[in-house]
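Chains, contacts and geometry: an overview
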Amino acid sequence: MLSIRDLTVRYRTSQGPVHAVDSASFSVPRGEVVGLVGESGCGKTTVARAVMGVVPRTADILGGPVLFEGRDLIRLSERERRALRWKEMAFIPQTAMNALDPVYRVGRQIEEVLVERGGRSRSQARARAEELFALVGIDARRLDDYPHQFSGGMKQRASIAMALALEPKLVLADEPVTALDVIVQRQVLDVLKELQARLRLSVVLVTHDISVVAYACDRVVVMYAGRVVESGRVGDVLERPRHPYTMGLNNAFPDLERAAGELVPIEGSPPNLLDPPKGCRFAPRCPFAEARCVAEEPPLRTEVDGHAAACWRSDEAAALRPLAGEAATWRR
Ligand SMILES: Nc1ncnc2c1ncn2[C@@H]1O[C@H](COP(=O)(O)OP(=O)(O)OP(=O)(O)O)[C@@H](O)[C@H]1O
Ligand code: SF4
Ligand SMILES: [Mg+2]
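Bear in mind that the values here come from a model prediction, so they are computed numbers and not experimental data. (Residues numbered from 1 in each chain as written. Chains lettered and ligands numbered in written order. Predicted model: local features only at pLDDT ≥ 70, side-chain atom pairs only at ≥ 80, totals over all residues. Heavy atoms only, no water.)

Around ligand 1, 16 residues are found, and the nearest of them are Ser 40, Gly 41, Lys 44, Thr 45 and Thr 46. At 2.7 Å from an oxygen atom of ligand 1 is found a side-chain nitrogen or oxygen belonging to Thr 45. Starting from 630 Å² of accessible surface for ligand 1 in isolation, the protein chains cover 68%. Broken down by secondary-structure element, the contributors of at least two residues to the shell around ligand 1 are β1 (2–13), β2 (16–28) and α1 (44–52). Looking at the shell around ligand 1 element by element, the count peaks at 3 residues for α1. Its residues assigned to classes, the shell around ligand 1 comprises 6 nonpolar, 7 polar and 3 charged. (Near = heavy atom within 4 Å. Polar contact = N/O pair within 3.5 Å; in protein donor to acceptor, adjacent residues only side chain to side chain. Areas by Shrake-Rupley, 256 points an atom, 1.4 Å probe, with all protein chains shown as cover. Helix = DSSP H or I, 4+ residues; strand = E, 2+ residues; numbered from the N terminus. Nonpolar A, V, L, I, M, F, W, Y, C, P; charged D, E, K, R; others polar.)

Now the structure itself:
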C-alpha cells in the first residue's frame, strides 16, 4: 500500500538545516496497522506530514520515492495530491482533538468534508455523518453538539469519523490517544482497530508510547533522532528487540494491559538535529556503545522475517537484552 524509501526531510532555520528525518525507509502493507514510535522530536510527525504532503514551506523533502499504490507521492503536483487527500488517504493531525472548530457543530464539520471534498449533497452528507458516528460509537444526536460539549475521547472519535468520511484506504493518525486517560485510550484504539479490520484499512499510528503499539499495531517502526532504528512485526520487535533504544523504550513504559513494573527511563536526551552526531545517533545514551559506534553510522539491516535494525551490535542482541532489562545498565 505504502512504501517509503530513503525519505529525508530538512527544515530550513536561521541556525541552519534541522535534519528532522534522515533516510527513513519502511512499508505499510494493506490492511495492517503500523506504529511509528519514538521520543518527542524524533521525526514522527514530519514523516506523516511528508507522506500527506502537508509540510511547512520551510521543509525540504529529499530522497524517496514514497510510493502509494505505485505512485510517487513526493513527485505529485499539489492538484494530484489534493485529489488523493480524504478520498484515498486521510490524516488525523496531532492536535486533532483541538482542531475541531469551536464555533461550528461537530456534524457540520464532517458534512463539510463530504460536500466540499466528496461532492455529496447536504442530505447525503447528513446521512453519511450519522452512519460515521454510529461507526465510531457516538449517538447520532450528538452531531448537533459543539466540540466543547464533547469529552476528549469523543472528540478523538469524531476526528476518526471525519477521516473515514470518504472511505480512504490509508489513514495516518498522529498521536490519536496521547491526551486521553488509559481507559479512554483503549476505547479509542478499540474503535480504530475494529474499523481497520472491518474496512481493511491500512493505518499508520504515530505514538511515543510503546504500550499503544503493543496493544494496537501489527508492525512497528521505531525512530530515533530522525532515523529508523528498528522495524518489523510487533511480536518480534517488542519481544526480541535488536536495537538498544527499543530495549530501553520497552523498559520505560507501563503496559496497557498489565500493572506497571519498575519503569526505567533512558537517561539523557536526544541529540540536537541541527548538528546530529556522526556515527550512531543513539551512541551518547547507549550503554553498549563501542568505538565503532561513534565513528560510523550503522545501516538498517534486515534480518529474518523482515525484522530490521540499525545497530552495530544487533547480532549480540540476545546477550544485551537481559542487561538492558536492568536499571543499573542505564544509570550513569
Ligand atoms: N517547522 C519546523 N522548523 C524547524 N524545525 C522543526 C519544525 N518542525 C519540527 N521541527 C524539528 O524537527 C524534528 C522532528 O520534529 P517532529 O515534530 O517531526 O517530531 P515528533 O517525533 O513528531 O515529536 P513529538 O512527539 O513531540 O510530536 C524536531 O527536532 C523538531 O524540533
Ligand atoms: S550502534 Fe552502538 S551505540 Fe548505536 S545502538 Fe548499537 S551498540 Fe548502541
Ligand atoms: Mg509529533
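Here the narrative resumes.
At the metal site, the magnesium ion (ligand 3) is ligated by Thr 45 (OG1) and Gln 94 (OE1), and these contacts range over 1.9 to 2.3 Å. Placement of Thr 45 in helix α1 and of Gln 94 in the loop between β7 (89–92) and α3 (96–99) is noted, with a sequence separation of 49 residues between them. Thr 45 gets classed as partly exposed once you look at its relative accessible area, which sits at 22%. (Donors = N, O, S within 2.8 Å, 3.2 Å for Na, K, Ca; no water. Buried < 20%, exposed > 50% of the residue type's maximum accessible area, 1.4 Å probe, protein only.)

A few words now on the nonpolar core. Of all hydrophobic cores here, the largest spans 71 residues; its most connected members are Ile 110, Phe 133, Ile 160, Leu 205, Val 222, Tyr 245 and Phe 282. Taken together, domain 1 (2–88 + 169–187 + 199–330) and domain 2 (99–167) each give at least three residues to this core, which thus spans both. Setting aside chain neighbours within four positions, we find Leu 205 in contact with Val 33, Val 34, Gly 35, Leu 36, Ala 173, Pro 176, Leu 189, Leu 192, Val 212, Ala 216 and Cys 217. By size, the runner-up hydrophobic cluster in this structure holds 35 residues, among which are Val 28, Val 66, Ile 74 and Val 228. (Core = buried A, V, L, I, M, F, W, Y, C linked by side-chain atoms within 4.5 Å. Domains from an automatic or database assignment. Contact = heavy atoms within 4.5 Å.)

On to helix α12 (residues 317–324), then. Among the residues of α12, those classed as buried are Ala 317, Leu 320 and Ala 324. Projected down its long axis, α12 carries its buried residues within an arc of 65°, all on one side. Opposite its buried face, α12 presents the exposed residues Ala 318, Ala 319 and Pro 322, each directed more than 90 degrees away. On its buried side, α12 packs onto α10 (244–252) and α13 (327–330). (Arc of directions from axis to C-beta.)

With that settled, consider the site of ligand 2. As a matter of local geometry, ligand 2 sits amid 13 residues, with Cys 280, Cys 286, Cys 293, Cys 311 and Trp 312 nearest to it. Taken together, the residues of the shell around ligand 2 sort by class into 11 nonpolar, 1 polar and 1 charged.

With that out of the way, let us pick up the pairing of strand β11 (residues 227–233). Burial runs high along β11: 6 of the 7 residues are buried. Of the strand pairs in this sheet, strand β10 (residues 219–224) and β11 are connected by 6 bridges, and their pairing is antiparallel. Within the sheet, the bridge partner assigned to Val 221 lies in β11 and is Ser 231. Hairpin geometry of β10 and β11 is characterised by an intervening segment of 2 residues between the two adjacent antiparallel strands and by a positive phi of about 50° at Ala 225. (Pairing = 2+ DSSP bridges.)

Taken in spatial order, the 8 strands of this open sheet run β7-β8-β9-β3-β10-β11-β13-β12, and their pairing is mixed. The open sheet terminates on both sides in strands that have one partner only, identified here as β7 and β12 (301–302). The sheet contact formed by β12 and strand β13 (residues 308–309) spans 2 bridges and is antiparallel. In the sheet register, Arg 301 faces β13, and the bridge partner there is Ala 309. On top of the sheet, α1 reaches β3 (33–37), β7, β8 (170–174), β9 (202–207) and β10; it is set at about 145° to β7, its chief contact. (Axes fitted to C-alpha atoms, helices over the stretch in contact; angles between N-to-C directions.)

Further remarks concern the side chain of Ser 25. Structurally, Ser 25 can be placed in strand β2. Polar side-chain contacts of Ser 25 include one of 2.9 Å to the backbone nitrogen of Asp 6. Look past the residues within four positions of Ser 25 in its chain and what remains in contact with it is Ile 4, Arg 5, Asp 6, Val 228 and Leu 300.

The next subject is the pattern of salt bridges. Counted by the stated rule, this structure contains 30 salt bridges. Across the salt bridge formed by Asp 22 and Arg 281, the nearest N and O atoms sit 3.1 Å from each other. A residue pair is termed long-range when its members are at least 10 positions apart, and Asp 22 in strand β2 and Arg 281 in the loop between α10 and α11 (291–295) qualify at 259 residues. Residue Asp 22 is classed as buried on the basis of its relative accessible area, which comes to 18%. (Salt bridge = Lys/Arg side-chain N within 4 Å of Asp/Glu carboxyl O.)

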